[in-house]
Amino acid sequence: MTLQQEAYKKIDKMSDDAIRMILDLIDKMQSMTVSDFNTEMKTQDKPAATGDIVDTIDENALKTMSKEEKKTLFLRSRGNMHIDVRAIDELRKRSVL
């Protein structure tokens with residue numbers, strides 16, 4: 001399977017909102033160099049709700065949500081999740097073993 005075929009296969013499975021986000025990303029990438037893109041991503045204004053989704057979500061609500069609602073919630077949370085770099089590093093080390 002070629003790279004393009006793999007990309008088309010994955011795009012066919014995506015929602016319209018996800019495809020729209022990818023198209024926006026491609027447009028940004030085409031109009032600037034990688035270093036410009038990284039600089040813009042760092043300087044973009046953060047959304048008003050800067051809290052981590054884990055801190056704001058009710059765990060009981062997750063049990064009653066459909067898969068599509070969870071996916072929408074996840075997509076809306078982009079840029080708001082705090083990443084624990086140390087935990088990821090530890091997970092990678094354990095995965096190698």
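A short note on the overall build of the protein chain
Scanning the protein chain from terminus to terminus reveals seven helices and zero strands. Helices and strands in the protein chain line up, N terminus first, as α-α-α-α-α-α-α. In the protein chain, the share of contacts with a sequence separation of at least 24, taken over all contacts with a separation of at least 6, comes to 52%. Accessible area for the protein chain stands at about 8900 Å²; split by element, carbon and sulfur atoms hold 57% of it.

With respect to the pattern of salt bridges
The final tally for this structure, using the stated rule, is three salt bridges. The partner of Arg-20 in a salt bridge is Asp-17, with the nearest N and O atoms 3.3 Å apart. Linking Arg-20 with Asp-17, this pair stays in helix α2 (residues 16-30), spanning three residues, or about one helical turn.

Things to note about the confidence of the model for the protein chain
Averaged over all residues, the pLDDT of the protein chain equals 75, while 68% of them reach at least 70. Across the protein chain, helix α1 (residues 3-12) holds the top mean pLDDT of 90, while helix α3 (residues 34-43) sits lowest at 57.

What about helix α7 (residues 85-96)?
Note on helix geometry: an α-helix contains 3.6 residues per turn, so any two residues three or four positions apart are oriented the same way. With 12 residues, α7 extends 17 Å from end C-alpha to end C-alpha; this agrees with the ideal 16 Å at 1.5 Å per step. Along α7, only zero of the 12 residues are buried, which leaves the element largely exposed.

Overview of a nonpolar patch on the surface
A cluster of nonpolar side chains, contributed by Tyr-8, Ile-11, Met-14, Ile-22, Leu-23 and Ile-26, occupies part of the molecular surface with about 500 Å² of accessible area. Elements with a contribution of two residues or more to the nonpolar patch: α1 and α2. By residue number, the principal contributor to the nonpolar patch is α2, which donates three residues. Mapped onto the secondary structure, Leu-23 falls in helix α2.

Cut-offs applied
Residues numbered from 1 in each chain as written. Predicted model: local features only at pLDDT ≥ 70, side-chain atom pairs only at ≥ 80, totals over all residues. Heavy atoms only, no water. Helix = DSSP H or I, 4+ residues; strand = E, 2+ residues; numbered from the N terminus. Contact = heavy atoms within 4.5 Å. Areas by Shrake-Rupley, 256 points an atom, 1.4 Å probe, with all protein chains shown as cover. Salt bridge = Lys/Arg side-chain N within 4 Å of Asp/Glu carboxyl O. pLDDT = per-residue confidence, 0-100. Expected span 1.5 Å × (residues − 1). Buried < 20%, exposed > 50% of the residue type's maximum accessible area, 1.4 Å probe, protein only. Patch = residues over 30% accessible without salt bridge, like charges linked within 9 Å, V, L, I, M, F, W, Y side chains within 5 Å.

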